[in-house]
Amino acid sequence: MHQQSPTAGPVQIVTITPDHKFILDEKKLKEILYHRRAQGKKISLVSIAGDFRKGKSFMLDFFLRYLRAKNQKEWIGKESEPLKGFDWRGGAGRHTTGMIMWSEPFIMSLPNGEEIAVLLMDTQGTFDSNSTVFENAFIFALTLLVSSVTVYNIMHNLQEDNLQHLSFFAEYGVLALDAYHTSPFQQLTFLVRDWQFEYETPYGFHGGEEVLTNRLQIRPNQHHDLELVRSRLRQCFRKVNCFLMPHPGLKVTNRREFDGRLEDIEKDFKTQLQSLIPELFRSDNANFVKEINGEQITSTQLFEYFRTYCAVFASGELPSPKAMLEATAEANNLAAKAVSKEFYTRAMEQHCGGDRPYIHPNQLDALHQEVYRQSIEKFRCARKMGGEEMSQTYLQDLENELAEQYSNYKKHNDSKNVFAFSRTPTTFISCMVLCYIIAGLLEAIWLGGINFIFMFAFWLCFVLLSMWLYTKYSGDHAEIGEYIDYFADVIWIHGFHPVYSRCIRSAMRSVLGHTKLE
Ligand SMILES: Nc1nc2c(ncn2[C@@H]2O[C@H](COP(=O)(O)OP(=O)(O)OP(=O)(O)O)[C@@H](O)[C@H]2O)c(=O)[nH]1
Ligand SMILES: [Mg+2]
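Residues numbered from 1 in each chain as written. Chains lettered and ligands numbered in written order. Predicted model: local features only at pLDDT ≥ 70, side-chain atom pairs only at ≥ 80, totals over all residues. Heavy atoms only, no water.

Participant: Explain the coordination of the magnesium ion (ligand 2) here, please?
Facilitator: Put simply, a metal with four donors set out as a tetrahedron has ideal angles of 109.5 degrees, and one with six donors set out as an octahedron has ideal angles of 90 or 180 degrees. For the magnesium ion (ligand 2), the protein coordination sphere consists of Ser 57 (OG) and Thr 96 (OG1), at 2.0 Å. Placement of Ser 57 in helix α2 (residues 56-68) and of Thr 96 in the loop between α2 and β4 (99-102) is noted, with a sequence separation of 39 residues between them. Here Ser 57 falls in the buried class, since its relative accessible area comes to 8%. The class for Thr 96 is buried, based on a relative accessible area of 12%. (Donors = N, O, S within 2.8 Å, 3.2 Å for Na, K, Ca; no water. Helix = DSSP H or I, 4+ residues; strand = E, 2+ residues; numbered from the N terminus. Buried < 20%, exposed > 50% of the residue type's maximum accessible area, 1.4 Å probe, protein only.)

Rendered as C-alpha cells:
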C-alpha cells in the first residue's frame, strides 16, 4: 500500500440541489480518477448505500483504515484513536448528501502482480424525509452502475422491502445502459447491522449466506410478485452475498461524545469487522475489478462512464421513478379511465359505428349525451387510490378524449349521410324514370294492358323514396330507413351497376379500339 498525502480526504463529487436536481462535479471527479497513482491502472470501486442514519459513513471509515494501514494485521488501529475520514455523526437528521469519494486511490496488487487502483465512495442515505424518489433511485442506481462492489447497508434483518427497493433501484439503473446485459452489476453485499439472532444464525458471511439463501429462495406456489423480484435480482447481479454484523454497543449509539474510538465499541463488533473488511477487499475476488460490458476498465474510462450515466439520468429520457403510492394511484386512475372510455366506445359503436347507418345529428347528440354521462359516472364511481385531486386530472383527460371521439363519430356519421343520399335516391329515381318510359312505350305499341306492372313499380319506388326521405330527415324509424337503403343497394348492385359498367366499358372500347380494359 502506498502512503496517502496528508491532504487526502472526502470529496463531494455529486451534489443534490435544493430543487432535487443533481450536479456532477466533473473537475473534482477527474482529479480523483486521473490521479497519477491510478493512471493506466484497472480500477476497483467499493461503495456503500442504504437507508439514512444506519452507520454507513462510520463503517466506510473502517474500510479506509484497512486500506491505509501499512501493517495489514493490526489495521484496526489503536484503542483510543478517534474514527476519522468520511464524515459521520450521531443524531436523527440525515448527514451525508449526494455522493462522496475519497480523494486518492489506494493501490493494491492482483494475484498476478498487476497493480490496481481502489476507490471508496459514500452515498446519501435513502428514504429520509427530504429526498425525492428520483434522488433515491438516481443515487442508488448510479452507485450500482459505477461500483464493482456495492455494500447495501441494512438494519436488523434482510426484509422483503429491502429486496423490493433494491430491485426497483437496480431496474432504474438498467434503464441507463445503452445495451442489454445479462448481469449489468457486479457484486452486491448485504450488510445487516445489529443482527440480534446470533443464537440462531451466527454472525459473519456464513450466517449471512444462510439468511440470504432463505430469503432469495424461489418456492413453488410463491406469489408471482415475490418470484419476479428474486429472479430479476439474480439476473442483475453477478454475485450476491450477505454479512451479519453485531450491534456495536450502547456507547456507540447512545453517547453524544462518542468519537469512534475502539475502546467504546463492543468486542464482537470489532471481531466481525476484522473478518468482513479483509474479505471485501480480497483482490482474488473475480468481481473486485470494475468491469463494464465484460471488459475490465481503467480509472479514466470510469470517468467517461460516470459522465455518460449522469447525462442519461439528466436527459429526461428515462421514465421518472415514482413512489409506490403515486405509481399505484396512477395505475388505478388510468385503469378506471380505460374502462370508462371503452364503455363509451362500445355503446357508441353499437349505434353509430362503421357498420351502422346514418342517424340524425340530433339523435347522435342525444345518444352521446347519455353515454357520456354514464361513462363519466363510471369513472367517478371506480375505486381509486390517490384522492379526489389526483383523479381530477384523469377525469379531465377522459372528458377531452371522449369529446374528441364524439367529434370523430360526428364526422363519420356525416360522411355516411352523403353516401346514402347519393345511392338510394339515385336508384329509386332511375327506377321511376325507367318504369315511366317503358309504360309510355308500351302504350305507344298498344300493349297498355301490362302497363299496370310498371306503374305499380313506379309508385312503389315513389313511396319508398318518400319514406326514406322522411326517416333520414326526421331521424325517426331509423331501422325502416336502413331496410330501404338495403333494398336500394340490392337493386343498385344487381340491376344498374352491371349495366352501367358494361355500357361504360363498351364505350371506352369503341373509343380506344379494343384495348384491354378488364
Ligand atoms: N445501531 C447502530 N448504530 C451504528 C452502527 N454503526 C454506527 N452507528 C451509529 O449510527 C450513527 C450514524 O452514523 P453515520 O455513519 O453517520 O450514518 P449514515 O448511515 O452515514 O447516515 P447518513 O449519512 O445520514 O445517511 C452514529 O451515531 C453511529 O455511531 C451500528 O452498527 N449499529
Ligand atoms: Mg453518512
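There's more to say after this.
Participant: Looking at this structure, how should I read the environment of Phe 134?
Facilitator: Among the secondary structure elements, Phe 134 is positioned in helix α3 (residues 133-146). Residue classification places Phe 134 among the partly exposed positions, given a relative accessible area of 22%. Along the primary structure Phe 134 and Ser 320 are separated by 186 residues, whereas in three dimensions their C-alpha atoms are 6.9 Å apart. Apart from residues lying up to four places away in sequence, Phe 134 is in contact with His 20, Phe 22, Tyr 172, Phe 313 and Pro 321. (Contact = heavy atoms within 4.5 Å.)

Participant: Help me understand empty space enclosed by the protein in this model?
Facilitator: Using a probe with the size of a water molecule, rolled over the atoms, empty space left in the structure can be pinpointed. As enumerated under the stated definition, the model contains two cavities of 30 Å³ or more in all. In this structure, the largest cavity spans a volume of roughly 50 Å³. Forming the boundary of the largest cavity are Tyr 358, Ile 359, His 360, Gln 363, Thr 471, Lys 472, Gly 475, Ala 478 and Gly 481. For the lining of the largest cavity, the secondary-structure elements that each account for two or more residues are α13 (451-474) and α14 (478-512). For the lining of the largest cavity, the per-class residue count stands at three nonpolar, five polar and one charged. Built from parts of two domains, the lining of the largest cavity gets at least three residues from each of domain 2 (336-416) and domain 3 (419-514). Of the pockets and cavities examined, the second largest cavity occupies roughly 40 Å³. Within the residue set of the lining of the second largest cavity, elements represented by two or more residues are β8 (185-193), α6 (224-236) and β9 (237-244). Looking at the lining of the second largest cavity, its residues break down into seven nonpolar, no polar and one charged. (1 Å grid on protein atoms, 1.4 Å probe; cavity = no way out; pocket = protein on both sides within 12 Å on 5 of 7 lines; lining within 4 Å. Points joined across faces, edges and corners; volume = space filled by probe spheres on them. Nonpolar A, V, L, I, M, F, W, Y, C, P; charged D, E, K, R; others polar. Domains from an automatic or database assignment.)

Participant: So what exactly am I meant to see when it comes to the domain arrangement of the chain here?
Facilitator: A common way to express how large an interface is: the accessible area buried when the components associate. Once the domains are mapped, the chain shows domain 1 (10-319), domain 2 (336-416) and domain 3 (419-514). With centres defined by C-alpha atoms, the gap from domain 1 to domain 3 works out at 86 Å.

Participant: I would appreciate a short explanation of the pattern of salt bridges in the present structure.
Facilitator: Where side chains of opposite charge bring their charged atoms close, a pairing between them can arise. Overall, the coordinates contain 25 salt bridges when judged by the stated rule. Residue Glu 263 pairs with Arg 261 through a salt bridge whose shortest N-O separation is 3.5 Å. What makes Glu 263 partly exposed here is its relative accessible area of 41%. (Salt bridge = Lys/Arg side-chain N within 4 Å of Asp/Glu carboxyl O.)

Participant: It is not clear to me how the site of ligand 1 should be interpreted in this structure. Could you clarify?
Facilitator: Around ligand 1, 23 residues are found, and the nearest of them are Arg 53, Phe 58, His 95, Thr 96 and Asp 194. At 2.8 Å, a backbone N or O of Phe 58 approaches an oxygen atom of ligand 1. One of the backbone N or O atoms of Arg 89 is found 3.2 Å from an oxygen atom in ligand 1. Protein chains bury 94% of the 660 Å² of accessible surface belonging to ligand 1 in isolation. The set of elements that each furnish at least two residues to the shell around ligand 1 consists of α2 and α7 (250-254). No other element matches α2, which puts three residues into the shell around ligand 1. Residues that form the shell around ligand 1 fall into these classes: eight nonpolar, eight polar and seven charged. (Near = heavy atom within 4 Å. Polar contact = N/O pair within 3.5 Å; in protein donor to acceptor, adjacent residues only side chain to side chain. Areas by Shrake-Rupley, 256 points an atom, 1.4 Å probe, with all protein chains shown as cover.)

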